[in-house]
Amino acid sequence: MEQIGTILSMIFVFVCSHFFDKWKQKRDAKNKAENLPILLNKEALIREKIQNKIIKLQGYTGANRVNLFEYTNGSYTHSGISLQYSQCTYECTDDTTVGLLSTFKNVPIGEFMPILNNLNNSKKGWTIVTSKDENIAIANIQKKYRTQSSYCFRLTDVVWDGVVSLDWVHEQKCLSEEMLNEIKIIISQISELQLKLKR
């Protein structure tokens, strides 16, 4: 009789633990589903803030186009060469300028290396490129994207964390030191927001 009682208690514990596990799984799934909109809303709010900063840059500087470019390592060739790509993730343009946002996706960065190297080595954190640049490769890029002059800013100390480009299509532009300092403040705010997205 004692053995039957032990067996019944073991069966009871097993059944209860099974139901408890099922209940816990359902509760965890429900909590995850309830928290998902909060995470998506938080991410959407951060992305909206970044876009607003891009719009602010365009309005403040009068640039025809402002873009944020991000970089990815992509994959590797058989010989081990990294295939790095760039894509435009945020943009604001005026009414006269064609945007790049919809077409500038997974673009190999090879042709942009002269600009990226200049920017990465810049102690100021920015560089200016023009359609009349001495470097023919840089001048050709500017002509390809129908841009007279561009100010390119790193988001952080390294270019691979992202670049904000302010483009003037119809004129060569020279920004004042005061304006450049104000732009750097906005760029650092964008960088902080980008970091929040990665967390």
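Residue numbers here run from 1 along each chain, matching the order of that chain's written sequence. Thresholds applied to this predicted model are a pLDDT of at least 70 for local features of residues and 80 or more for the giving and counting of side-chain atom pairs; totals over whole chains, interfaces and linings are not thresholded and use all residues. Just so you know, side-chain values use all the structure's heavy atoms and leave hydrogens and water out.

**Q** Residue-level account of the overall build of the protein, with values.
**A** In terms of regular secondary structure, the protein is built from four helices and six strands. In this text, helices come from DSSP runs of H or I with a minimum length of four residues, and strands from runs of E with a minimum of two, each type numbered from the N-terminal end. Listing every helix and strand of the protein by position from the N terminus yields α-β-β-β-α-β-α-β-β-α. Working rule for contacts: check all heavy atoms of both residues, and any pair within 4.5 Å makes them a contact. In the protein, the proportion of contacts linking residues at least 24 apart, taken out of those at least 6 apart, comes to 55%. Per-residue and other accessible areas were derived by the Shrake-Rupley procedure at a 1.4 Å probe size, with only the shown protein chains allowed to occlude residues. Counting only carbon and sulfur atoms, one obtains 57% of the accessible surface of the protein, whose full area is about 12,800 Å².

**Q** So what about unusual backbone geometry? Which residues, and what values?
**A** One non-glycine residue with positive phi stands out, namely Arg 146, at about 50°. Among the structural elements, Arg 146 can be located in the loop between helix 3 (136–144) and strand 5 (149–154).

**Q** Please provide a residue-by-residue account of the nonpolar core, values included.
**A** In this structure, Leu 57, Leu 68, Tyr 151, Phe 153, Val 164, Leu 166 and Ile 190 are the most contacted members of the largest nonpolar core, which totals 24 residues. For this core, the secondary structure elements donating two or more residues are helix 1 (2–61), strand 1 (65–76), strand 2 (82–93), strand 5, strand 6 (163–168) and helix 4 (177–198). Counting residues per element, this core draws most heavily on helix 4, at seven residues. If we skip the residues at most four places from it in the chain, Tyr 151 touches Trp 126, Thr 127, Ile 128, Val 164, Ser 165, Leu 166, Trp 168, Lys 173, Cys 174, Leu 175 and Leu 180. Definition used in this section: a nonpolar core is a set of buried Ala, Val, Leu, Ile, Met, Phe, Trp, Tyr and Cys residues joined via side-chain atoms within 4.5 Å. Between buried and exposed lies partly exposed: a residue is buried under 20% and exposed over 50% of the maximum accessible area for its type, with that area taken using a 1.4 Å probe on protein chains only.

**Q** So what's going on with the packing of aromatic side chains? Which residues, and what values?
**A** Two aromatic rings, drawn from Phe, Tyr or Trp (for Trp, its six-membered ring), form a pair once their centres lie within 6.5 Å of each other, and the interplanar angle then sorts them: stacked below 30 degrees, edge-to-face above 60, tilted otherwise. For the structure on display, the rule yields eight aromatic pairs. Summarising the aromatic geometry, the rings of Tyr 151 and Trp 168 are spaced 5.9 Å apart at their centres and angled 80° between planes, so their arrangement reads as edge-to-face. One end of the pair, Tyr 151, is in strand 5; the other, Trp 168, is in strand 6, with 17 residues separating them in the sequence. One exposure class covers both Tyr 151 and Trp 168, and it is buried. By the ring-pair criterion, three or more aromatic residues cluster together here, those being Phe 69, Phe 104, Phe 112 and Tyr 145. In this analysis the charged atom, NZ for Lys or CZ for Arg, is taken to sit over a ring once it is within 6 Å of the ring centre and within 35 degrees of the ring normal. Lys 124 extends its terminal NZ or CZ atom over the ring of Trp 126, reaching a point 4.1 Å from the ring centre.

**Q** Give a detailed account of the packing of helix 2 (residues 113–121) against helix 3, specifying residues and quantitative values.
**A** Interhelical geometry of helix 2 versus helix 3 gives an angle of 110° and a closest axis separation of 8 Å. If you check the angle between helix 2 and helix 3, you find them roughly perpendicular. Residues Pro 114, Ile 115 and Asn 118 of helix 2 form the contact with helix 3, whose own contacting residues are Ala 137, Ile 138 and Ile 141. For this classification, the nonpolar set comprises Ala, Val, Leu, Ile, Met, Phe, Trp, Tyr, Cys and Pro, the charged set comprises Asp, Glu, Lys and Arg, and every other residue, Gly included, is treated as polar. Residues of the contact of helix 2 with helix 3, tallied by class, amount to five nonpolar, one polar and no charged. Between the N-to-C directions of two axes lies an angle of 0 to 180 degrees, each axis being a line fitted to C-alpha atoms and, for a helix, fitted only over the stretch in contact. Relative orientations are named as follows: roughly parallel for angles under 35 degrees, roughly antiparallel for angles over 145 degrees, roughly perpendicular for angles from 65 to 115 degrees, and oblique for any other angle.

**Q** Account for the environment of Lys 144, with residues named and values stated.
**A** With respect to the element layout, Lys 144 can be found in helix 3. According to the relative accessible area criterion, Lys 144 is partly exposed, its value standing at 47%. Spatially, the C-alpha atoms of Lys 144 and Ser 131 are 9.4 Å apart, while their sequence positions differ by 13 residues.

**Q** Which residues make up the pattern of salt bridges, and what values go with them?
**A** Any carboxyl oxygen of Asp or Glu that lies within 4 Å of a side-chain nitrogen of Lys or Arg is treated as forming a salt bridge with it. Counting across every chain of the model gives two salt bridges. A salt bridge links Glu 43 to Arg 47, with the shortest nitrogen-to-oxygen separation between them at 3.3 Å. With Glu 43 and Arg 47 both in helix 1 and four residues apart, this pair spans about one turn of that helix.

**Q** How would you summarise the pairing of strand 6 if you had to cite specific residues and measurements?
**A** With respect to burial, strand 6 is a largely interior element, six of its six residues being buried. Burial of strand 6 is two-sided: the residues Val 163, Ser 165 and Asp 167 facing one way and the residues Val 164, Leu 166 and Trp 168 facing the other way are all buried. Alignment of strand 5 against strand 6, held across six bridges, turns out to be antiparallel. Looking at the pairing, Ser 149 lines up with Trp 168 of strand 6. By this definition, two strands are paired if DSSP reports at least two bridges between them.

**Q** Kindly report on the environment of Pro 108, identifying the contributing residues and their values.
**A** Summarising the element assignment, Pro 108 is placed in strand 3 (residues 107–108). Note on Pro 108: relative accessible area 48%, which makes it partly exposed. When the C-alpha atoms of Pro 108 and Tyr 85 are compared, they prove to be 4.4 Å apart, with 23 residues separating the residues in sequence. Beyond its immediate chain neighbours, meaning those up to four positions away, Pro 108 contacts Gln 84 and Tyr 85.

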